[in-house]
Amino acid sequence: MIRWIFLDLDDTILDFGQAEDEAIRKTFSFLGIPPTDETVARYSAINKAQWEALERGELTREEVQVRRFEILFRELGSAASPEEARDYYMLALSREHGFMPFGKELLDALYGRYKLYIASNGTLSVQTPRIADSGVGRYFDGIFISEQLGAVKPQKEFFDACFAAIPDFSPREAVILGDSLSSDILGGIRAGIRTCWFNPQGKAGREDIRPDAEIRELPAFLSLLEDWENA
Ligand SMILES: [Mg+2]
């Protein structure tokens, strides 16, 4: 039986890809850097690598927030300020909050039947307005944001802090749904809860990180829960 569901926020419930794209284009325009598709794609690649280093514990959040722009501006030969880029970008990002397809519908279907928790590696100042403005806050019994917890997914400490905040918690009756193998799924495995990988683009999996289940569309999570109930 499943009682507790941890949901990753970005690119699982809310469309972070689109939010990031819009916020980064606004930031580049503000700094006088032409927001071409090529520059945006290069930023995304740098950003992804920096976040993966954060997940491995090699960088702090504060370092990632500036370094991604430092590296890009160096490559572009731009004299723009990485700190100014960080501030503008995070403010712009905090104002974007579109849903993933069926993100809202999934919350409606789960609400009242399970205890729901956000488990996000996002930054507090970015996530707080997004959670409020998207209206998702009311669905959740708890909102766990790594910056507040002092640990990030996939660190066990992140999940230990979540579990400690939930009365009568039992890992056997919990699941995490998320789009990232390296943070959501690896974290869930380390924490001893069930894992469901949301993989809308059908990306290749990893031999070393095997989720209990994989879905391409969010509504499939409901059938999965039913299967687990009946197993
Ligand atoms: Mg995510």
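These figures come from a predicted structure and were not determined experimentally.

### Quick look at the overall build of the protein
Here is step 1 of the chain: Secondary structure assignment for the protein yields ten helices and six strands.
Here is step 2 of the chain: Relative to a compact globule of 231 residues, whose C-alpha radius of gyration would be 17 Å, the protein shows 18 Å and is just as compact.
Here is step 3 of the chain: Referenced to the eigenvectors of the C-alpha coordinate spread, the extents of the protein come out at roughly 60 × 35 × 30 Å.
Here is step 4 of the chain: Looking at the 231 residues of the protein, the share that counts as buried comes to 50%.

### A closer look at the coordination of the magnesium ion
Here is step 1 of the chain: Taken together, the protein ligands of the magnesium ion are Asp8 (OD), Asp10 (O) and Asp179 (OD), with distances of 2.1 to 2.2 Å.
Here is step 2 of the chain: Written as a sequence motif, the donor residues of the magnesium ion are D-x1-D-x168-D. A residue pair is termed long-range when its members are at least 10 positions apart, and Asp10 in the loop between strand E1 (4-7) and helix H1 (16-30) and Asp179 in the loop between strand E4 (174-178) and helix H9 (181-191) qualify at 169 residues.
Here is step 3 of the chain: For Asp10, a relative accessible area of 16% gives the class buried.

### Re the domain arrangement of the protein
Here is step 1 of the chain: Taken domain by domain, the protein holds domain 1 (4-15 + 98-230) and domain 2 (16-94).
Here is step 2 of the chain: Between domain 1 and domain 2, the C-alpha centre-to-centre distance is 25 Å.
Here is step 3 of the chain: A buried area of about 1,300 Å², summed over both sides, lies between domain 1 and domain 2, and 49% of it is on carbon and sulfur atoms.
Here is step 4 of the chain: Across the contact surface, domain 1 and domain 2 share zero salt bridges.

### Here's the deal with the pairing of E4
Here is step 1 of the chain: Counting buried residues in E4 gives five out of five residues, a clear majority hidden from the surface.
Here is step 2 of the chain: Neither face of E4 is open: one carries Ala174, Ile176 and Gly178, the other Val175 and Leu177, and all of them are buried.
Here is step 3 of the chain: The pairing of E1 with E4 spans four bridges and is parallel. Note on E4: the bridge partner recorded for Phe6 is Ile176.
Here is step 4 of the chain: Direction of pairing for E4 relative to strand E5 (residues 194-198): parallel, over a ladder of four bridges. From the neighbouring strand, Ile176 faces E5, where its bridge partner is Thr195.
Here is step 5 of the chain: A crossover connection joins E4 to the parallel E5 through H9; in handedness this β-α-β unit is right-handed.

The rules we used
Going along each chain's sequence as written, the residues are numbered from 1 onward. Residues qualify for local features only when their pLDDT is at least 70, as the model is predicted, and side-chain atom pairs are given and counted only at 80 or more; totals for whole chains, interfaces and linings, by contrast, use all residues. With hydrogens and water stripped out, all remaining heavy atoms of the structure feed into the side-chain values. Runs of H or I in DSSP of at least four residues are treated as helices and runs of E of at least two as strands, each being numbered from the N terminus. Radius of gyration here is computed from C-alpha atoms only, and the compact-globule reference equals 2.2 Å multiplied by the residue count raised to the power 0.38. Each residue's exposure class comes from its accessible area (1.4 Å probe, protein chains only) as a fraction of the maximum for that residue type: buried when under 20%, exposed when over 50%, partly exposed otherwise. Atoms of type N, O and S within 2.8 Å of a metal are treated as its donors, and for Na, K and Ca the window is 3.2 Å; water is not considered, so some sites may appear to be missing partners. Where each domain begins and ends follows an automated or database-derived domain assignment. The term buried area denotes the loss of accessible surface (1.4 Å probe radius) that occurs when two parts are joined, taken as the sum for both partners. A pair is scored as a salt bridge if a Lys or Arg side-chain nitrogen falls within 4 Å of a carboxyl oxygen belonging to Asp or Glu. Two strands pair under a simple rule: DSSP has to find at least two bridges between them. Crossover handedness is defined by viewing with both strands directed away from the observer: a clockwise path from the first strand over the helix to the second marks the crossover as right-handed.

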